[in-house]
Amino acid sequence: MQFVTAQSTAEAARLLAESGGAARVLAGGTDLLVQMKSGMVEPATIIDIKKIPGMMEITEEDGGYRIGAGVPGQMLGEHAGVVALWPGVVEGCELIGSTQVQGRCTMVGNLCNASPAADSVPPMVAANAVARIEGPDGSRDVPVADIPAGPGKLNLKPGELITSIFLPARPKRASDAYLRFIPRTEMDIAVASAAVSLELAEDGSIAHARVALGAVGPKVALVEDAARAIEGTTLDDAALDALMAACRAACSPINDKRGTVEFRTQVAGVLAKRAALIAKDRAGEKQ
Amino acid sequence: MKKIHVTTKVNGDEVEFLCPPEETLLDALRDRLGFSGAKEGCGTGDCGACSVTLNGRLVCSCLVLGAEAEGAEISTVEGLAHGGELHPLQQSFIDNAALQCGICTPGILVAAKALLERNPDPSDSEIRYWLAGNLCRCTGYDKIIKAVKIAAAEMRGETA
Ligand SMILES: Cc1cc2nc3c(=O)[nH]c(=O)nc-3n(C[C@H](O)[C@H](O)[C@H](O)COP(=O)(O)OP(=O)(O)OC[C@H]3O[C@@H](n4cnc5c(N)ncnc54)[C@H](O)[C@@H]3O)c2cc1C
Ligand code: FES
Ligand code: FES
């Protein structure tokens, strides 16, 4: 195995392309090193991207924030601006692992590991976050929702890597929330999860919403019907029932010892309802 | 296989070592530099016995490559005591019987020190969440939490 500290994204992309699939990007290493240890992956080359300029930075851009692909969860949680604008994304990212894992884990690594249960992905999808991709053909911007292709699979071309995530600007009375169910209180992988992002109208009703579910299908799902179910409402009981029904209709989970199909489907609806109520409270507090 | 030359700082002192590209920072610290305080409990990020700080952030050294330490600053449990004098956390763990076999202790001390640097007066539940990635199989967590609280109070100058 070879270890390279990439100095530029162009160098990282070139090494990835030349390797013909045998190279791996190293961000926080909290998935990659575990997989290498178990023999699940045996990369010929490891490309550390954290020393590329900008990778460890959070910068304001067009009223939103650009998060470098090396930024660990703990650093995201320390950024008052991101916490104020996108609290749901921050809480998803902060749920990843222990304090030690938080010192290293990145949102991009969480996304690129392509687990349907990845905790930062539903809130990024609900936020309509956009990934910036660099590759042999230059740079392109792709919504985070379009990156996962299935468990362990990504819609990235050979030689491509993600260099940052953009969390967009939003109106003042807007917020988001993320909830997951795990059998313990810490250090476990989501059995079902839900993220809700919403904007309030003048009258306090919901002007616009985005709802995303995790761990209840082969990839994180944006549930448009669930968003439509609460738009124009004040989250009265009928709207919340419709939200839960739409979420449950979108579930196609696996059955395993951590959760049955019925349980995951039921809980996904409940989590979406609770996340919607939290997001609305947070948005209301901002007026 | 080509070895990588790494220059880094451990507990303030500049050190260098040669390691193969896949070697973890934990193995480099223990086997090449003689810092055997960090332990390998699991090797997969679950137990926290290998905790060190890397550029000020608490990490599992089993999930860091030795090669990544180039130009970094690392702190290990060996850096806690000054001369012959134990750090208040170390003394508190002894005084309050917060260790039995001691395998988890170096990682817990490093993690607890990182917590108290951010939050000199943490609540029980803040300590429990912060240390959720540090497993102990023998002492039991109540004594560990208590020892951290007592050390924190002492470091704030509140008790004799
Ligand atoms: C103890 C422990 C607990 C955990 N708990 C959770 C949890 O609660 N929730 C959860 O969701 N996850 C959890 N994880 C998994 C892991 O920590 C997360 O998925 C984390 O976000 C991965 O980020 P990373 O930066 O460490 O990724 P890495 O391990 O560096 O990379 C992960 C994958 O993505 C690829 N990659 C990384 N960066 C890029 C890039 N910029 N462009 C293209 N590809 C890239 C890598 O090649 C690799 O295949 C846990 C892991 C451990 C060890
Ligand atoms: S040995 Fe590193 S976390 Fe267990
Ligand atoms: S004292 Fe033995 S594992 Fe904690």
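Everything numeric here is computed off the predicted structure, so don't read it as measured data. (Residues numbered from 1 in each chain as written. Chains lettered and ligands numbered in written order. Predicted model: local features only at pLDDT ≥ 70, side-chain atom pairs only at ≥ 80, totals over all residues. Heavy atoms only, no water.)

**Here's the deal with the site of ligand 1**
Residue and element names in this part refer to chain A.
No. 1: As a matter of local geometry, ligand 1 sits amid 35 residues, with Val25, Thr30, Asp31, Thr106 and Asp119 nearest to it.
No. 2: Interatomic distance of 2.5 Å between a side-chain N/O atom of Asp31 and an oxygen atom of ligand 1.
No. 3: If you list the elements that add at least two residues to the shell around ligand 1, you get strand E2 (23–26), helix H7 (107–112) and strand E10 (161–167).
No. 4: If you tally residues by element for the shell around ligand 1, the top one is H7, at four residues.
No. 5: Residues that form the shell around ligand 1 fall into these classes: 19 nonpolar, ten polar and six charged. (Near = heavy atom within 4 Å. Polar contact = N/O pair within 3.5 Å; in protein donor to acceptor, adjacent residues only side chain to side chain. Helix = DSSP H or I, 4+ residues; strand = E, 2+ residues; numbered from the N terminus. Nonpolar A, V, L, I, M, F, W, Y, C, P; charged D, E, K, R; others polar.)

**Considering the sheet that holds strand E3 (residues 45–48) of chain A**
Residues and elements named next belong to chain A.
No. 1: Strands sit in the order E1-E3-E2 across an open sheet of three strands; the sheet is parallel. Lying at the two open borders of the sheet, with one neighbouring strand each, are strand E1 (2–5) and E2. Mean inter-strand twist for the sheet, computed between neighbouring axes without regard to direction, equals 20°.
No. 2: By the bridge criterion, four bridges tie E1 to E3 in an arrangement that is parallel. Looking at E3, one finds that Gln2 is bridged to Thr45. (Pairing = 2+ DSSP bridges. Axes fitted to C-alpha atoms, helices over the stretch in contact; angles between N-to-C directions.)

**Quick notes on the pattern of salt bridges**
Residue and element names in this part refer to chain A.
No. 1: Under the counting rule described, the total for this entry stands at 24 salt bridges over all chains.
No. 2: Ionic pairing is found between Lys50 and Asp48, a salt bridge with its closest N-O pair at 3.0 Å. Each member of the pair, Lys50 as well as Asp48, is classed as buried.
No. 3: With its nearest N and O atoms 2.9 Å apart, the salt bridge here joins Glu231 to Arg228.
No. 4: Overall, the relative accessible area of 42% leaves Arg228 in the partly exposed class. (Salt bridge = Lys/Arg side-chain N within 4 Å of Asp/Glu carboxyl O. Buried < 20%, exposed > 50% of the residue type's maximum accessible area, 1.4 Å probe, protein only.)

**Focus: the confidence of the model for chain B**
No. 1: Across chain B, the average pLDDT comes to 97, with 98% of residues at 70 or higher.
No. 2: Per the prediction output, this complex has pTM 0.97; the corresponding ipTM is 0.97. (pLDDT = per-residue confidence, 0-100.)

**What to know about the interface of chain A and chain B**
No. 1: Every contact between the two is made by 28 residues of chain A and, on the other side, 31 residues of chain B.
No. 2: Carbon and sulfur atoms make up 58% of the surface buried where chain A meets chain B, a total of about 2200 Å² over both sides.
No. 3: At the junction of chain A with chain B, the criterion picks out five salt bridges.
No. 4: The partner of Glu78(A) in a salt bridge is Arg57(B), and the shortest N-O contact between them spans 3.0 Å.
No. 5: Counting the contacts that link chain A with chain B gives eleven residue pairs in polar contact (both at pLDDT 80 or more).
No. 6: Looking at side-chain class alone, the side of chain A that touches chain B contains eleven nonpolar, ten polar and seven charged residues. (Contact = heavy atoms within 4.5 Å. Buried area = accessible area lost by both parts, 1.4 Å probe.)

**Concerning the packing of helix H10 (residues 237–249) of chain A against helix H11 (residues 261–285) of chain A**
Residues and elements named next belong to chain A.
No. 1: One way to put it is that H10 packs onto H11 with a least axis distance of 8 Å and a crossing angle of 135°. Here H10 is positioned oblique relative to H11, judged by the angle of their axes. Both H10 and H11 take part in a crossing whose hand is right-handed. Only Thr265, Gln266, Gly269, Val270, Ala272, Lys273, Ala276 and Leu277 of H11 make contact with H10, whose side of the interface consists of Leu240, Leu243, Met244, Cys247 and Arg248. (Parallel < 35°, antiparallel > 145°, perpendicular 65-115°, else oblique. Left-handed = near helix turned anticlockwise from the far one by under 90°.)

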